[in-house]
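# Notes for the structure review
As a plain string of letters, each chain reads:
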Amino acid sequence: MTEHEDPDLHQARLKRAASLIRRSGARRVLDLGCGSGGLLQYLLRDAQFERVVGLELSGELLAQAKLRLSALPAARAGRLELICGSYAEAHPALVGFEAAAMVETIEHVPPEALSRVERAVFAGLRPRLLVMTTPNGEYNPLYGLARGEFRDPDHKFEWGRARFRDWGQGVARRNGYRVRFSGIGELDPHLGQPTQVALFTRDSPEAE
């Protein structure tokens, strides 16, 4: 969540991601860029998910997630694993999960590193389903932001809808996925919704 957004929007993103993953039937889920554990908290409350792994580069955020989640029965039962690391790097032990999420994290990646993320996540981890959310930069004037101003100072980009679709379709085409796009939040007839969603899916695991 950024300082310019309604807190309810962030909760709506987490709920949408959890719902899409639940409907897929997945039992093992990766949260890539899990932050302080907001989505993990939703996932761990659902008995469908037998193994939930959070990957986060920031040790500080990972410590917050551990503190936030440690009291949950699912965490105590060993269903949760937290890993300090980058989703731009290879993680052979995390290959083969049915579903993954990247909620409000891709915009923190420098554009020149996006190809590394694509290789590590879509060509490397290859989850059957991946839910990605990112800001819709076209919507920013409705938050009182000037042209070129981002919702969070750590964001490296905030794409409009056409740019995000172009990138997502390219990623899907290059890696054997299908992708469909939607949005979250109040719809403006000209600017769309504040949050963009890409749902990447592939039919079945390939033979290794």
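Keep in mind it's a predicted model, so treat the numbers as computed, not measured.

What counts and how
Every chain's residues receive numbers from 1 upward, in the order its sequence appears when written. Given that this is a predicted model, residues contribute local features only at a pLDDT of at least 70 and side-chain atom pairs are listed and counted only at 80 or more, while totals for whole chains, interfaces and linings are drawn from all residues. As a rule here, side-chain values come from all non-hydrogen atoms in the structure, and water together with hydrogens is ignored. Secondary structure follows DSSP: runs of H or I at least 4 residues long count as helices, runs of E at least 2 residues long count as strands, and numbering of each begins at the N terminus. Exposure categories follow from relative accessible area, calculated using a 1.4 Å probe and restricted to protein chains: below 20% of the type maximum is buried, above 50% is exposed, and the middle band is partly exposed. Any two residues whose heavy atoms approach within 4.5 Å at even a single point are treated as in contact. Note on areas: these come from Shrake-Rupley sampling with a 1.4 Å probe, and a residue is covered only by the protein chains present in the view. A pair is scored as a salt bridge if a Lys or Arg side-chain nitrogen falls within 4 Å of a carboxyl oxygen belonging to Asp or Glu. Each polar contact in these results corresponds to two N or O atoms within 3.5 Å; when the atoms are within protein, one needs to be able to donate a hydrogen and the other to accept it, and residues that are neighboring in sequence are counted only if both atoms are side-chain atoms. Working definition: a ring pair exists when centres of Phe, Tyr or Trp rings (six-membered ring for Trp) sit within 6.5 Å. Plane angles under 30 degrees give stacked, over 60 give edge-to-face, the rest tilted. Here, a charge over a ring is recorded when the distance from Lys NZ or Arg CZ to the ring centre is within 6 Å and its angle to the ring normal is within 35 degrees. Working convention: axes come from line fits to C-alpha atoms, limited for helices to the stretch in contact. Angles between N-to-C directions cover 0 to 180 degrees. Geometric relationships in this document are graded by angle, where less than 35 degrees denotes roughly parallel, more than 145 denotes roughly antiparallel, 65 to 115 denotes roughly perpendicular, and other angles denote oblique. When the near helix sits turned anticlockwise from the far one by under a right angle, the crossing is termed left-handed; a clockwise turn instead gives a right-handed crossing. Throughout, the ten residues Ala, Val, Leu, Ile, Met, Phe, Trp, Tyr, Cys and Pro are labelled nonpolar, Asp, Glu, Lys and Arg are labelled charged, and all others, Gly among them, are labelled polar. The rule for a disulfide is simple: a pair of cysteine sulfur atoms within 2.5 Å.

Moving on: the overall build of the protein. The number of helices and strands found in the protein is six helices and seven strands. Going from the N terminus to the C terminus, the protein shows its helices and strands as α-β-α-β-α-α-β-β-α-β-α-β-β. With respect to the principal axes defined by its C-alpha atoms, the protein has extents near 45 × 40 × 30 Å. Residue burial in the protein is summarised as follows: out of 208 residues, 53% are buried. Put simply, of all contacts in the protein between residues at least 6 apart along the chain, 70% involve residues at least 24 apart. Approximately 10,100 Å² of the protein is accessible, and the part contributed by carbon and sulfur atoms is 50%.

A few words on the pattern of salt bridges. Counted according to the given criterion, the structure contains nine salt bridges. A salt bridge links Arg27 to Glu50; its shortest N-O distance comes to 3.6 Å. With Arg27 in the loop between helix H1 (7–23) and strand E1 (28–32) and Glu50 in the loop between helix H2 (38–44) and strand E2 (51–56), the pair connects residues that are 23 residues apart, well separated along the chain. Arg28 is the partner of Glu98 in a salt bridge, and the nearest nitrogen-oxygen pair spans 3.3 Å. One end of the pair, Glu98, is in the loop between strand E3 (80–84) and strand E4 (99–103); the other, Arg28, is in strand E1, and 70 residues separate them in sequence. By relative accessible area, which is 29% here, Arg28 ends up partly exposed.

One can find Thr105 in the loop between E4 and helix H5 (114–125). Here Tyr87 takes part through its side chain, which lies 2.9 Å from a polar atom of the side chain of Thr105.

Here the focus is the packing of aromatic side chains. If you walk through the whole model with that rule in mind, you get eight aromatic pairs. Residues Phe164 and Phe181 carry aromatic rings whose centres are separated by 5.7 Å and whose planes lie at 75° to one another, so their mutual orientation is edge-to-face. Here Phe164, found in helix H6 (residues 161–175), pairs with Phe181, found in strand E6 (residues 178–184); they are 17 residues apart in sequence, far enough to count as distant. Assigned by exposure class, Phe164 and Phe181 land together as buried. An aromatic cluster of at least three residues, connected via ring pairs, comprises Phe157, Trp159, Phe164, Trp167 and Phe181. Taking the ring centre of Phe97 as reference, the NZ or CZ of Arg28 above it sits at 5.4 Å. Over the ring of Tyr42 we find Arg45, and its NZ or CZ is 6.0 Å from the ring centre.

What follows deals with the packing of H5 against H6. Axis separation between H5 and H6 bottoms out at 11 Å; the angle between their running directions is 45°. Regarding the angle of H5 to H6, the classification is oblique. The element H5 and its partner H6 pack so that their crossing is right-handed. In this structure, H5 contributes Leu114, Glu118, Phe122 and Ala123 to the contact, and H6 contributes Trp167, Val171, Arg174 and Asn175. In terms of residue class, the contact of H5 with H6 is made up of five nonpolar, one polar and two charged.

Moving on, we come to the state of the cysteines. One pass over the structure, following the stated rule, counts zero disulfides. Not engaged in a disulfide, the cysteine Cys34 finds its nearest cysteine sulfur in Cys84; these two sulfurs lie 9.4 Å apart. Here Cys34 falls in the buried class, since its relative accessible area comes to 6%. When its relative accessible area of 51% is taken as the criterion, Cys84 is described as exposed.

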